[in-house]
Amino acid sequence: MRSHHLSGKLIPVEYAERLSVPLRWWAHATMLLISFFLVLAVVDALSGLVIACIVAAVGVCMAGALMQFGSARIEVADGELRAGRAHIPLALLGETTPLDPEAARRLAGVEADARAFLLLRPYLKRAVKVTVSDPADPTPYWLVATRHPQRLAKVLNSVSETTGGQ
């Protein structure tokens, strides 16, 4: 079990995952940047410095977009489940179910509930369904994409059992 500092106190982290974009996306962005450079290089009206500045600016924007898209975190710590910017107390959670790619696709698509909270990424095919047991919350469940659905479900179900969330 890892831990981190929050407001000067040590908080145990039961589960932590960052949903970073896959390496192939960085490779595709690099190839796109090289193609962009080659297209601009054949334009006689632009100097090498202008081309370099344009390509560098596009590269910085692409890198920023990939890092921002991959900055979502899933964390179980300090009595809460955090998924991206959303958080919910563990005591308000019911059963957590790990989903294979087909079940995750169905639950995010044709079987989706419009009131559900979704944290999905197109490069992650597996997810967990976390039932919300708070009667005052209109959200029936959270659908959270993860690389480790079995591990996240195990942590959430064990924590939920100890807090009485089920």
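Shown above is the structure to which this text applies.
Okay, so let's go over this structure. Residue positions are given per chain, counting from 1 as you read along its sequence in written order. For this predicted model, a pLDDT threshold of at least 70 governs which residues receive local features, and a threshold of 80 or more governs which side-chain atom pairs are given and counted, while totals over whole chains, interfaces and linings are taken from all residues. For side-chain calculations, the full set of non-hydrogen atoms in the structure is used, while hydrogens and water are omitted.

1. Concerning the pattern of salt bridges
Close approach of charged atoms allows side chains of opposite charge to pair.
Here is step 1 of the chain: Salt-bridge detection follows one rule: a side-chain nitrogen of Lys or Arg within 4 Å of a carboxyl oxygen of Asp or Glu. Applying the stated criterion to the full structure yields 7 salt bridges.
Here is step 2 of the chain: The salt bridge involving Glu75 is made with Arg82; its shortest N-O contact spans 3.0 Å. Considered together, Glu75 and Arg82 belong to a single accessibility category, that of buried residues.
Here is step 3 of the chain: Between Asp113 and Arg115 there is a salt bridge; the shortest N-O distance is 2.9 Å. In this scheme, a residue with accessible area under 20% of its type's maximum is buried, one over 50% is exposed, and one in between is partly exposed, where area comes from a 1.4 Å probe on protein chains only.

2. What about unusual backbone geometry?
Here is step 1 of the chain: Within the chain, Asp78 stands out as a residue other than glycine whose phi angle is a positive 55 degrees.
Here is step 2 of the chain: With respect to the helices and strands, Asp78 occurs in the loop between β3 (73-77) and β4 (80-83).
Here is step 3 of the chain: By relative accessible area, which is 41% here, Asp78 ends up partly exposed. Each helix is a run of H or I in the DSSP string that is no shorter than four residues. Each strand is a run of E no shorter than two, and both are numbered from the N terminus.

3. A word on the side chain of Glu17
Here is step 1 of the chain: Within the secondary structure layout, Glu17 lies in strand β2 (residues 9-18).
Here is step 2 of the chain: Among buried charged residues, Glu17 stands out as having no salt bridge; its nearest opposite-charge side chain is Arg147, 4.2 Å away.
Here is step 3 of the chain: Two N or O atoms form a polar contact when they lie within 3.5 Å of each other; inside protein one atom must be a possible hydrogen donor and the other a possible acceptor, and for residues adjacent in sequence the pair counts only when both atoms belong to side chains. For Glu17, the side chain forms a polar contact with the side chain of Tyr15, separated by 2.4 Å.
Here is step 4 of the chain: For Glu17, the side chain forms a polar contact with the side chain of Thr146, separated by 2.4 Å. Neither His nor the chain termini are counted; the positive set is Lys and Arg, and the negative set is Asp and Glu.

4. Points about a nonpolar patch on the surface
Here is step 1 of the chain: Judged by side-chain polarity, Phe36, Val42, Val43, Leu46, Val50 and Ile54 come together as a nonpolar surface patch covering roughly 430 Å² of accessible area.
Here is step 2 of the chain: Structurally, Val50 can be placed in helix α2 (residues 48-69). The patches reported here contain residues having more than 30% relative accessible area and no salt bridge. Joining distances are 9 Å for like charges and 5 Å for nonpolar side chains (Val, Leu, Ile, Met, Phe, Trp, Tyr). Per-residue and other accessible areas follow the Shrake-Rupley method at a 1.4 Å probe size, with only the shown protein chains counted as cover for residues.

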